[in-house]
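If you want the building blocks of each chain, they are given just below.
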Amino acid sequence: LMPPLNLLNHHLQLEAVVPKFQHSTALITDYVYLTKSSGRWLVTFVELESPDKPIFTSNLKKAVPSAPFTEALAQVVSWKTYVNNHKNEVIDRLKLLFVPPVMRRNPVSFEYYLIIGRSENK
């Protein structure tokens, strides 16, 4: 239903999206997917929030992030912190998707997306 963002040359790896990927028992993404080029892998973690959640408060004089947005963003930042500290563990948990096996030694980078709110609220 949601097109994957930032696809590399070989597009969506194995045509697969992994729902509810757990970084740890407390950190769970809505979904993750992989994409690759000949020289690298890109792992993308996505958090989906309700489109009814506001991005900003109703303050018209200044753009102030809303509490729901700040909370959701903090969740995504916690994933990034976890991955930075446990990169090999995360890659190991996704290794079955890194095919062909010869490409498992290629560099892996990570991206994080928060999808929240509606365009009319920005």
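Remember, it's a predicted structure, so these values are computed and weren't measured experimentally. (Residues numbered from 1 in each chain as written. Predicted model: local features only at pLDDT ≥ 70, side-chain atom pairs only at ≥ 80, totals over all residues. Heavy atoms only, no water.)

### Describing the sheet that holds strand β1 (residues 18-19)
Moving on, step 1. If you walk across this open sheet you meet the 4 strands as β1-β2-β3-β4, and the pairing is mixed. Two strands bound the open sheet, and with one partner strand each, they are β1 and β4 (108-115).
Moving on, step 2. Inspection of the sheet shows strand β3 (residues 41-48) paired to β4 by 8 bridges, in the parallel sense. In the sheet register, Val46 faces β4, and the bridge partner there is Tyr113.
Moving on, step 3. Along the sheet, helix α1 (residues 67-85) makes contact with β3 and β4, crossing β4 at roughly 170°.
Moving on, step 4. Sheet strands in contact with helix α2 (residues 87-94) are β2 (31-36), β3 and β4, and its direction is about 85° off that of β4. (Pairing = 2+ DSSP bridges. Helix = DSSP H or I, 4+ residues; strand = E, 2+ residues; numbered from the N terminus. Contact = heavy atoms within 4.5 Å. Axes fitted to C-alpha atoms, helices over the stretch in contact; angles between N-to-C directions.)

### Description of the pattern of salt bridges
Any two side chains of opposite charge can pair, given that their charged atoms come close.
Moving on, step 1. For the coordinates displayed, the defined rule picks out 3 salt bridges.
Moving on, step 2. Residue Lys20 pairs with Asp30 through a salt bridge whose shortest N-O separation is 3.1 Å. Placement of Lys20 in the loop between β1 and β2 and of Asp30 in the loop between β1 and β2 is noted, with a sequence separation of 10 residues between them.
Moving on, step 3. Accessibility expressed as a relative area gives 53% for Lys20, which makes it exposed.
Moving on, step 4. For Asp30, a relative accessible area of 16% translates into the label buried. (Salt bridge = Lys/Arg side-chain N within 4 Å of Asp/Glu carboxyl O. Buried < 20%, exposed > 50% of the residue type's maximum accessible area, 1.4 Å probe, protein only.)

### Side note on the packing of aromatic side chains
Two numbers describe a pair of aromatic rings. These are the distance of the centres and the angle of the planes.
Moving on, step 1. On inspection of all chains with the given rule, the structure shows 5 aromatic pairs.
Moving on, step 2. Between Trp41 and Phe98 the ring centres are 4.6 Å apart and the planes differ by 70°, which places this aromatic pair in the edge-to-face class. Here the residue Trp41 occupies a position in strand β3, and Phe98 occupies one in the loop between α2 and β4, the gap between them amounting to 57 residues. Take Trp41 and Phe98: they sit in the same class, and that class is buried.
Moving on, step 3. One aromatic cluster in this structure is built from Phe21, Phe45, Phe110 and Tyr112. (Phe/Tyr/Trp six-rings, centres within 6.5 Å; stacked < 30°, edge-to-face > 60°.)

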